[in-house]
Amino acid sequence: MFRALLFALTWLALAGPSAGDPGTHVSRVDPLTVLDDDFARHRDPAEWRGLAVSRIEFREERAAWRLWRIENVRHSRGPLWFVPHDNENAGFEAGLAAVRKYGGTLVAVDAGIADDGVRMNRAVDYGRPVDPNRNFDSALPGYARRILADLKPGMPIIALHTNGRGFDTGESRCNKSDPPGSGVISIRYCDDILRPSPSLHRAWPWDDDDTVAFAAFRNGQSPSTAFCRDAMVAADFNVVQERVVASDRSLSNYAVLHDLDYLNFETLDRGDGAEGLAEGRRRLLHIVDRALAMCAPQVRHRR
């Protein structure tokens, strides 16, 4: 009861209907005609049965934004699925399948205002392009409010990503003799913030160092306080435990600091061919199925 009240009070402060926000343009679209690479892969009307698709456009500070909102209108009470990077196509594939299966709403950032299928939003008036997963900032409240507008009480946020192989060995505190890569998304990477708990048996889909689940927790608390962390470790996931000290403007940090249940699943980018996308989708959906069954039984599989 207390948690539900806390969520409601937090949400009144943070959210609000995006369609009613000044400067926000929301329009219904036909997914079969959208000129976007993600939609072009899905021209079968059966895939969109029961789904409503909207385009949300707005400006905040120096950036213009476009979001795709895909709602399961038959089962709107479900998770909030989030795909922040337009070039992570297997994430979109998994998100579309997941919103059909479990209900709720999928929000995907479209970088196509300036370029299509890229990671960063380049539609800026000045300065560097913006990472859509590094824009959750209290100084930019409109972005988070619009992304999270469809989050329902008692439902988790589930972010879906793909990533490159390997990690920056120069930044890691462990496994520094590994082949050099980029970034930090690997179960073999560790530093003061990211603490790996690797799978012991390495069964699929955890046979891959670059397939991981994130569990974020507040500085000064135990990793066990992270949503679903203990269950995922017990189920032999590759779990990256993320200690949140001060916000890095990511959604994982934002969710922890606002007491929102959040899961982030990543798998290796295997390319945009049919086989690569299918394998990425299978891995992400398998992880989603296991995690929801363990940690969010209120989310029902829609048959």
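See the structure shown above.
One structure accompanies this document, and this report is about it.

Conventions adopted
- Residues numbered from 1 in each chain as written.
- Predicted model: local features only at pLDDT ≥ 70, side-chain atom pairs only at ≥ 80, totals over all residues.
- Heavy atoms only, no water.
- Axes fitted to C-alpha atoms, helices over the stretch in contact; angles between N-to-C directions.
- Helix = DSSP H or I, 4+ residues; strand = E, 2+ residues; numbered from the N terminus.
- Parallel < 35°, antiparallel > 145°, perpendicular 65-115°, else oblique.
- Left-handed = near helix turned anticlockwise from the far one by under 90°.
- Contact = heavy atoms within 4.5 Å.
- Nonpolar A, V, L, I, M, F, W, Y, C, P; charged D, E, K, R; others polar.
- Core = buried A, V, L, I, M, F, W, Y, C linked by side-chain atoms within 4.5 Å.
- Buried < 20%, exposed > 50% of the residue type's maximum accessible area, 1.4 Å probe, protein only.
- Salt bridge = Lys/Arg side-chain N within 4 Å of Asp/Glu carboxyl O.

1. Some points on the packing of helix 3 (residues 89-102) against helix 7 (residues 274-295)
Link 1 in the chain: For the pair helix 3 and helix 7, the least separation of the axes is 8 Å and the interaxial angle reads 45 degrees. Put simply, helix 3 runs oblique to helix 7. The handedness of the crossing between helix 3 and helix 7 comes out as right-handed. Every residue of helix 7 that contacts helix 3 at Asn89, Ala90, Gly91, Glu93, Ala94, Ala97, Ala98, Lys101 and Tyr102 is listed here: Leu277, Gly280, Arg281, Leu284, Leu285, Val288, Asp289 and Leu292.
Link 2 in the chain: Looking at the contact of helix 3 with helix 7 residue by residue, the class counts come to 10 nonpolar, three polar and four charged.

2. A short note on the environment of Val34
Link 1 in the chain: One can find Val34 in the loop between strand 1 (25-28) and helix 2 (37-40).
Link 2 in the chain: Ignoring any residue separated from it by four or fewer positions in sequence, one finds Val34 in contact with Val29, Phe39, Arg43 and Trp68.

3. What to know about the nonpolar core
Among soluble globular proteins, nonpolar side chains are generally buried collectively.
Link 1 in the chain: Core analysis: the largest hydrophobic core is formed by 43 residues, its most contacted members being Ile70, Trp81, Leu160, Met232, Phe237 and Phe265.
Link 2 in the chain: Residues within four places of Phe237 in sequence aside, it is in contact with Ser197, Pro198, Ser199, Trp206, Ala213, Met232, Ile287, Arg290, Ala291 and Met294.

4. Considering the pattern of salt bridges
Link 1 in the chain: Counted under the stated rule, the structure contains 26 salt bridges.
Link 2 in the chain: As a salt-bridge pair, Glu93 and Arg41 come within 2.9 Å of each other at their nearest N and O atoms. With Glu93 in helix 3 and Arg41 in the loop between helix 2 and strand 2 (51-60), this pair connects stretches of sequence that are 52 residues apart.
Link 3 in the chain: Exposure remark for Glu93: the relative accessible area of 6% places this residue in the buried category.
Link 4 in the chain: Residue class for Arg41 comes out partly exposed when judged on its relative accessible area of 28%.
Link 5 in the chain: A salt bridge links Asp178 to Arg188, with the nearest nitrogen and oxygen atoms 2.5 Å apart. One end of the pair, Asp178, is in the loop between strand 6 (157-163) and strand 7 (194-197); the other, Arg188, is in the loop between strand 6 and strand 7, with 10 residues separating them in the sequence.

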